[in-house]
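Observations on the three-dimensional arrangement
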Amino acid sequence: MRTRSLAGVAAVAASVVVLTSCSGGGDASDQAADVDFSAAPAGTLAAWGFENADDVGQSRLDHAAEQLPDVEVALDARAFDAQKFTTRIAGGDVPDVVQMDRRYVTTYAAQGLLLPLDACFEAKDVDPTARWYQNVVDDVTYEDAVYAVSQFYQPPAILLNMDVLNKAGVTPDAFDTSDMDGLIAAVEKIYQGSGSTPTRLGLDPVATGQGGLWVLGMGGRLTDAEGKPTLDDPANAAGIDALNRITDAQGGYAAVKSFTDSFDTFGDANQFVQNQVGAQVANQWYPNVLSASRDEISLQAVPFRDAEGQPFSLASGTAFVIPAGAKNPAAACAWMTELTSTDAWMAAGAARAATIESKGGLNTGLFTGSPEADEMIRSQYVTPTGDSGFDQVIATYYDVVGSGRSFGSSPAGQDIQNELNNAITATLLGDKTTEQALADAQQAAQRAYDNATAG
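In this convention, every chain numbers its residues from 1, walking through the sequence in written order. At least 70 in pLDDT is required for a residue's local features to be given in this predicted model, at least 80 for side-chain atom pairs to be given and counted, and no such filter applies to totals for whole chains, interfaces and linings, which use all residues. Hydrogens are left out, water is left out, and the side-chain values use all remaining heavy atoms of the structure.

**Points about the packing of helix 12 (residues 237-248) against helix 19 (residues 413-428)**
Each pair of packed helices gets described by two things: the angle between the helix axes and the distance between those axes. Lines are fitted to the C-alpha atoms to define the axes, a helix being fitted only along its stretch in contact, and any angle between axes, read from their N-to-C directions, falls within 0 to 180 degrees. Put simply, DSSP H or I for four residues or longer makes a helix, DSSP E for two residues or longer makes a strand, and each gets a number counted from the N terminus. The geometry of helix 12 relative to helix 19 is characterised by a closest axis approach of 10 Å and an angle of 45 degrees between their N-to-C directions. Overall, the two elements helix 12 and helix 19 adopt an arrangement that is oblique. The chirality of how helix 12 crosses helix 19 is right-handed. In this structure, helix 12 contributes Ile240, Leu243, Asn244 and Thr247 to the contact, and helix 19 contributes Ile424, Thr427 and Leu428. In terms of residue class, the contact of helix 12 with helix 19 is built from 4 nonpolar, 3 polar and no charged. Each angle receives one of four descriptions, namely roughly parallel if under 35 degrees, roughly antiparallel if over 145, roughly perpendicular if within 65 to 115, and oblique otherwise. Working rule for handedness: look at the near helix, and if it is turned counterclockwise from the far one by less than a right angle, call the crossing left-handed; if clockwise, right-handed. A contact between two residues is defined here by any heavy atoms of the two lying within 4.5 Å. Here the nonpolar group is Ala, Val, Leu, Ile, Met, Phe, Trp, Tyr, Cys and Pro; Asp, Glu, Lys and Arg are the charged ones; every other residue, Gly included, is treated as polar.

See below:
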């Protein structure tokens with residue numbers, strides 16, 4: 001259970017095959033109502049999607065094993081695959097627990113392929129809105145029922161390369177995304193290029209990887225209250241227009257994308273070491289990568305700000321679900337809630353701290369999706385690093401984690417994200433106007449929604 005992959009570094013672009021004719025999960029709700037989730041957990045538990053568990057994942061697996069000695073876990077470590085999931089369910093090869101990106105959860109819930117977990121939570125005395133951030137719960141709520149046990153929420157912020165900013169005479173407060181004129185002026189002051197080819201970006205906005213952040217942060221919306229796509233909402237244009245201004249100020253989107261694709265993001269010659277960026281939108285896990293280069297770089301961070309100037313972040317991460325037809329749902333409920341208990345996360349915090357100490361790294365925190373666990377891990381294991389810049393970066397991510405918002409729970413969630421990225425790309429390349437790109441994206445997303453909710 002690698003925190004990097006679980007944070008949604010890259011979403012799987014796959015359309016989900018509709019396998020059932022029902023909508024709203026009637027059969028699944030009936031199965032959940034028949035399960036005694038308070039029964040002592042026992043027997044074999046089949047779990048799928050636990051690819052390459054790291055120290056954080058393994059410590060939690062060990063904790064759950066200690067708490068549930070009568071449960072034998074058969075762990076399938078292969079990565080989750082959307083198409084294989086629907087095929088397995090259709091063929092009757094049903095795991096008891098599956099780990100998947102939260103963007104898929106509502107899709108499967110709408111098709112009746114997942115058990116609602118309200119009875120599970122009640123049996124285990126778990127209040128979802130107390131255990132997890134509200135936006136994390138919103139991600140996996142459909143028709144007033146919660147369908148998943150969430151884990152991880154690693155929010156974005158803007159990382160600043162202070163060596164570059166200082167030489168350019170730009171201060172951190174210039175990177176205020178609610179003041180686009182001031183932001184563009186800072187970007188242009190830092191930007192360097194040869195003709196239209198960038199050699200240094202003032203700001204890498206990560207236009208498609210963080211597209212939802214820009215669109216929602218600038219006042220847009222991706223879904224309505226029922227989860228229907230709203231990509232053609234005129235308010236969505238502001239975020240795309242902001243991305244257009246930022247990339248146009250730096251040689252255009254094609255040039256920016258080609259340049260960023262060349263970054264040695266995870267290596268010793270990363271874009272901060274090479275001074276290829278003045279600033280970059282990055283999720284909370286990335287400073288941990290950069291800590292290996294701490295002797296060569298000087299970092300700070302500022303929050304991403306919405307159109308009103310308030311700190312803004314988006315929920316992302318993975319979750320555990322119980323498929324309809326699971327053979328041991330009671331043990332699945334107990335196992336999932338143990339894996340995400342505060343005690344499990346504290347075991348993970350201890351394991352991560354030991355790993356960092358053995359490698360001489362910096363503890364940048366562990367962002368679990370649970371406010372209580374986050375604060376307890378921070379209090380016990382996140383100590384001053386000796387680098388004031390990294391300390392400020394770490395504090396910034398802790399400051400913004402409470403400002404999170406859900407992408408919006410929708411039966412077409414992954415398709416909406418994919419179509420938004422398609423619209424952003426088409427607009428920034430100049431292939432379509434913003435209005436036309438969003439209209440086309442809306443049509444495609446609406447088709448996916450209609451398929452997912454067909455009854």
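**A word on the sheet that holds strand 6 (residues 149-151)**
When DSSP finds at least two bridges between two strands, those strands are taken to pair. Pairing in this open sheet of 5 strands is mixed, and the strands run 2-1-3-13-6 from one edge to the other. Whereas interior strands pair on both sides, the edge strands pair on one side only; in this sheet they are strand 2 (71-76) and strand 6. Each adjacent strand pair in this sheet contributes to an overall mean axis angle of 25 degrees, direction not counted. Taken together, the 2 bridges between strand 1 (residues 43-48) and strand 3 (residues 97-101) define a ladder with parallel strand orientation. Counterpart to Trp48 in the pairing with strand 3 is Val98.

**Brief notes about the confidence of the model for the chain**
When pLDDT is averaged along the chain, the result is 92, and 94% of the positions lie at 70 or above. Within the model, pLDDT remains below 50 along residues 1-25, and this stretch shows 81 contacts once partners closer than five positions in the same chain are excluded. Across the chain, each position has a pLDDT score giving the predictor's confidence in that residue, from 0 to 100.

**Observations concerning the pattern of salt bridges**
Within this document, salt bridges are pairs made up of a side-chain nitrogen of Lys or Arg and a carboxyl oxygen of Asp or Glu, the two lying within 4 Å of each other. A complete count under the given rule lists 10 salt bridges for this structure. Note that Arg78 and Asp76 form a salt bridge whose closest N and O atoms lie 2.6 Å from each other. For every residue, the accessible area (1.4 Å probe, protein chains only) is compared with the maximum for its type, and the residue is labelled buried under 20%, exposed over 50%, or partly exposed between those bounds. The class for Asp76 is buried, based on a relative accessible area of 18%. Residue Asp261 is joined to Lys257 by a salt bridge in which the shortest nitrogen-to-oxygen separation is 3.0 Å. Of the two residues, Asp261 and Lys257 both sit in helix 13 (residues 253-261), 4 residues apart, roughly one turn of that helix. The exposure class of Asp261 is exposed, given its relative accessible area of 53%. In this structure Lys257 comes out as partly exposed when scored by relative accessible area, which is 31%.

**What to know about the side chain of Ser410**
Along the chain, the position of Ser410 falls in the loop between strand 14 (404-405) and helix 19. Separated by 2.5 Å, the side chain of Ser410 and the backbone oxygen of Gly227 make a polar contact. Ser410 has contacts with Thr106, Thr107, Thr223, Gly227, Ile416 and Tyr449, leaving out every residue within four places of it along the chain. Counted as a polar contact is a pair of N or O atoms within 3.5 Å, where, for protein atoms, one must be capable of donating a hydrogen and the other of accepting one, and residues adjacent in sequence contribute only when both atoms are in side chains.

**Here's the deal with the packing of helix 3 (residues 55-67) against helix 15 (residues 329-339)**
The N-to-C vectors of helix 3 and helix 15 enclose an angle of 130 degrees; their axes lie 9 Å apart at closest approach. As far as their axial angle goes, helix 15 and helix 3 are oblique. Crossing hand, helix 3 versus helix 15: right-handed. Where helix 3 approaches helix 15, its residues Arg60, Leu61, His63, Ala64 and Gln67 are matched on the opposing element by Trp335, Glu338 and Leu339. Grouping the constituent residues of the contact of helix 3 with helix 15 by class yields 4 nonpolar, 2 polar and 2 charged.

**Concerning the nonpolar core**
Grouping buried Ala, Val, Leu, Ile, Met, Phe, Trp, Tyr and Cys residues that are joined through side-chain atoms within 4.5 Å yields what is termed a nonpolar core. The biggest cluster of nonpolar side chains holds 86 residues, and the ones touching the most others in it are Phe85 and Trp335. The element that contributes the greatest number of residues to this core is helix 15, accounting for 8 residues. Excluding residues that lie within four positions of it along the chain, Trp335 makes contacts with Leu45, Ala47, Phe50, Leu61, Ala64, Leu68, Val73, Leu75 and Val97.

**Some words on unusual backbone geometry**
The phi dihedral of Asp144 falls on the positive side, at around 70 degrees, and the residue is not glycine. Relative to the helices and strands, Asp144 is located in the loop between strand 4 (141-142) and strand 5 (145-146). A relative accessible area of 76% places Asp144 in the exposed class. Positioned with a positive phi, Phe152 is a non-glycine residue whose angle comes to about 75 degrees. Positionally, Phe152 belongs in the loop between strand 6 and strand 7 (156-161).

**Digging into the pairing of strand 9 (residues 197-200)**
Two elements, strand 8 (residues 192-194) and strand 9, share 3 bridges in a ladder whose sense is antiparallel. From the neighbouring strand, Gly193 faces strand 9, where its bridge partner is Pro198. Two successive antiparallel strands, strand 8 and strand 9, enclose a turn made up of 2 residues, where Gly195 displays a positive phi of approximately 65 degrees.

**Considering the side chain of Thr86**
Mapped onto the fold, Thr86 is located in helix 4 (residues 82-91). For Thr86, a relative accessible area of 2% gives the class buried. In terms of polar contacts, Thr86 uses its side chain to reach the backbone carbonyl oxygen of Gln83, at 2.9 Å.

**Brief notes about helix 20 (residues 434-452)**
Between the first and last C-alpha of helix 20 there are 27 Å, a value that for 19 residues agrees with the 27 Å anticipated at 1.5 Å per step. Within the span of helix 20, buried status applies to Thr434, Ala437, Leu438, Ala441, Gln442, Ala444, Ala445, Ala448, Tyr449 and Ala452. Structurally, helix 20 contributes buried residues whose contacts are with helix 5 (102-110), helix 12 and helix 19. One less than the number of residues in a helix, times 1.5 Å, gives the span that helix is expected to have.

**What to know about the packing of aromatic side chains**
By convention, a stacked pair of Phe, Tyr or Trp rings (six-membered ring in the case of Trp) has centres within 6.5 Å and planes under 30 degrees apart, an edge-to-face pair has planes over 60 apart, and any other such pair is tilted. Going through the model one piece at a time under the given rule, you end up with 18 aromatic pairs. Centre to centre, the rings of Tyr133 and Tyr153 are 6.0 Å apart; their planes meet at 75 degrees, and the pair counts as edge-to-face. Taken as a pair, Tyr133 in the loop between helix 7 (128-131) and helix 8 (134-139) and Tyr153 in the loop between strand 6 and strand 7 lie far apart in primary sequence, 20 residues in all. Exposure class is identical for Tyr133 and Tyr153. Each is buried. On the basis of an interplanar angle of 80 degrees and a centroid distance of 5.1 Å, the ring pair of Phe259 and Phe263 is categorised as edge-to-face. Every member of this aromatic cluster is reached through a ring pair, and the members are Trp48, Phe80, Phe85, Tyr104 and Tyr108. Note that Arg88 overlies the ring of Trp48, its terminal NZ or CZ placed 4.7 Å from the centroid. Lysine NZ or arginine CZ positioned within 6 Å of the ring centre and within 35 degrees of the ring normal marks a charge as sitting over the ring. Seen from the ring of Trp132, Arg131 lies directly overhead, with NZ or CZ sitting 5.8 Å from the centre.

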